[in-house]
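Below, each chain spelled out in residue letters.
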Amino acid sequence: MLELHDADRVRTLTLNRPDALNAFNGALYKELAAALAAADADPGIAVVLLTGRGRAFSAGTDLVEMAEMVAGGSDESALSDTEEHGFNLLVDALIAFSKPLVAAVNGLGLGIGVTLLGFVDLAFIAEGARLKCPFTSLGVAPEAASSFLIPRLVGHQNAAWVLLSSEWITAEQAHEMGLVWKLCAPDELVPTATEHATRLAALPVSSLRAVKRAMTEPVAQLVAEARRRENGMFAELLGGPANTEALSAFAEGRLPDFTALPDGA
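(A) Molecular detail of the overall build of the chain. The helix and strand tally for the chain stands at 12 helices and 10 strands. Relative to a compact globule of 265 residues, whose C-alpha radius of gyration would be 18 Å, the chain shows 18 Å and is just as compact. Principal axes of the C-alpha set define a box for the chain whose edges measure 60 × 35 × 35 Å. Taking contacts inside the chain between residues at least 6 apart in sequence as the whole, the part at least 24 apart equals 73%. Total accessible area on the chain stands at roughly 12,500 Å², and carbon and sulfur atoms take up 56% of it.

(B) Broad picture of the confidence of the model for the chain. This prediction gives the chain a mean pLDDT of 93; 92% of its residues lie at or above 70. For the stretch residues 75-84, pLDDT sits under 50, and the model shows eight contacts to residues farther than four places along the chain or on other chains.

(C) Representation of the side chain of N25 in the model. For N25, the location among the structural elements is in the loop between strand 2 (10-15) and helix 1 (26-41). In contact with N25, not counting residues within four places along its chain, are M1, R17, D62 and E65.

(D) Expanded view of unusual backbone geometry. Of note in this structure, N22 is not a glycine but carries a positive phi near 55 degrees. What makes N22 buried here is its relative accessible area of 0%. Phi at S166 is positive, roughly 55 degrees, even though this residue is not glycine. Among the structural elements, S166 can be located in the loop between helix 7 (156-165) and strand 9 (169-170).

(E) Fine view of the pairing of strand 5 (residues 101-105). For strand 5, the tally of buried residues reaches five of five residues, placing the bulk of the element in the interior. Here strand 5 shows a buried face lined by L101, A103 and V105 and a second buried face lined by V102 and A104. With four bridges connecting them, strand 3 (residues 47-52) and strand 5 associate as parallel partners. When the bridges of strand 5 are listed, T51 appears paired with A104.

(F) Summary view of the pattern of salt bridges. In this structure the tally under the stated criterion is 11 salt bridges. The residue E3 makes a salt bridge to R53 at a minimum N-O spacing of 2.3 Å. A residue pair is termed long-range when its members are at least 10 positions apart, and E3 in strand 1 (residues 2-7) and R53 in the loop between strand 3 and strand 4 (56-58) qualify at 50 residues. Judged by relative accessible area, which is 28%, E3 ranks as partly exposed. For R53, a relative accessible area of 37% gives the class partly exposed. Shared partners join several salt bridges into a network, and the residues in it are D6, R11 and D42.

(G) The packing of helix 1 against helix 4 (residues 87-96), seen in detail. Following both chains from N to C, one finds helix 1 and helix 4 inclined at 20 degrees, their axes separated by 8 Å at the closest point. By the angle between their axes, helix 1 is roughly parallel relative to helix 4. Of the two elements, helix 1 crosses helix 4, and the hand of that crossing is left-handed. Residue-level inspection shows Y29, K30, L32, A33, L36 and D40 of helix 1 in contact with helix 4, the latter providing F87, L89, L90, A93, L94 and A96. For the contact of helix 1 with helix 4, the per-class residue count stands at 10 nonpolar, no polar and two charged.

(H) Region of interest: the sheet that holds strand 4. Pairing in this open sheet of four strands is mixed, and the strands run 4-6-8-9 from one edge to the other. Edge positions in the sheet fall to strand 4 and strand 9, since each has one partner strand and no second.

(I) Region of the structure containing the environment of R9. If you trace the backbone, R9 turns up in the loop between strand 1 and strand 2. Sequence separation of R9 and P186 is 177 residues, and the distance between their C-alpha atoms is 24 Å. When near neighbours in sequence (up to four residues on either side) are disregarded, R9 contacts G44, I45, A46, V47, A201, A202, L203 and V205. Reaching out from R9, the side chain makes a polar contact with the backbone oxygen of L203 at a distance of 2.7 Å.

How each quantity is defined
- Residues numbered from 1 in each chain as written.
- Predicted model: local features only at pLDDT ≥ 70, side-chain atom pairs only at ≥ 80, totals over all residues.
- Heavy atoms only, no water.
- Helix = DSSP H or I, 4+ residues; strand = E, 2+ residues; numbered from the N terminus.
- Rg over C-alpha atoms; globule rule 2.2 N^0.38 Å.
- Contact = heavy atoms within 4.5 Å.
- Areas by Shrake-Rupley, 256 points an atom, 1.4 Å probe, with all protein chains shown as cover.
- pLDDT = per-residue confidence, 0-100.
- Buried < 20%, exposed > 50% of the residue type's maximum accessible area, 1.4 Å probe, protein only.
- Pairing = 2+ DSSP bridges.
- Salt bridge = Lys/Arg side-chain N within 4 Å of Asp/Glu carboxyl O.
- Axes fitted to C-alpha atoms, helices over the stretch in contact; angles between N-to-C directions.
- Parallel < 35°, antiparallel > 145°, perpendicular 65-115°, else oblique.
- Left-handed = near helix turned anticlockwise from the far one by under 90°.
- Nonpolar A, V, L, I, M, F, W, Y, C, P; charged D, E, K, R; others polar.
- Polar contact = N/O pair within 3.5 Å; in protein donor to acceptor, adjacent residues only side chain to side chain.

Okay, structure coming up:
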């Protein structure tokens, strides 16, 4: 599910579930988390480049797996275990990764396929790609400290629209608001991102790490606090009326109808 290629001290990690639009199931969450930790510990690797295979960067959490978990009536401890060994394990790995992390967003990005950009040092996007944070349309809360990191990248009002609306934003909009750094023609995306990653990788790893630490350490506590808030809200909403309706609609191939939910749901 994850391809690995090394060249010139750059390790390219390619999400390879194209038939599932590179959606993260539990196994892929764990595999990418382990790959980031391995690259961080490898003295021969200076930079990691993350991209996707096919027409999607990542469609986020695998909703089929989420629906099965909710429908199965998983209790709180089971949900916590799933989060600890899947989604949260990846977020922990992204936070701990001490070398430059570059993303080449090749296509559709949803959920974690967008929110992980908050932990990326340089993000490139292909023209024609589209991004969405679908939290409100799924009846859940933000994730991965996105309620803090996305406003920091794009400003409050841009972030409010991205996080509240559950609507698609284009690659051009993502570039204009500062969610990504460079906008590229599709066939130039990976070569351009690789060129920049290789230029960074020619520099001393000790200095690259020092610069990244100097930039991220001042906000580390704020990121941790945002994750605690979001995780509490997510756990409260998961399996609730809105989330259940959203997942049922997804499974049935229809649009969700939130108008009949209890007041406040």
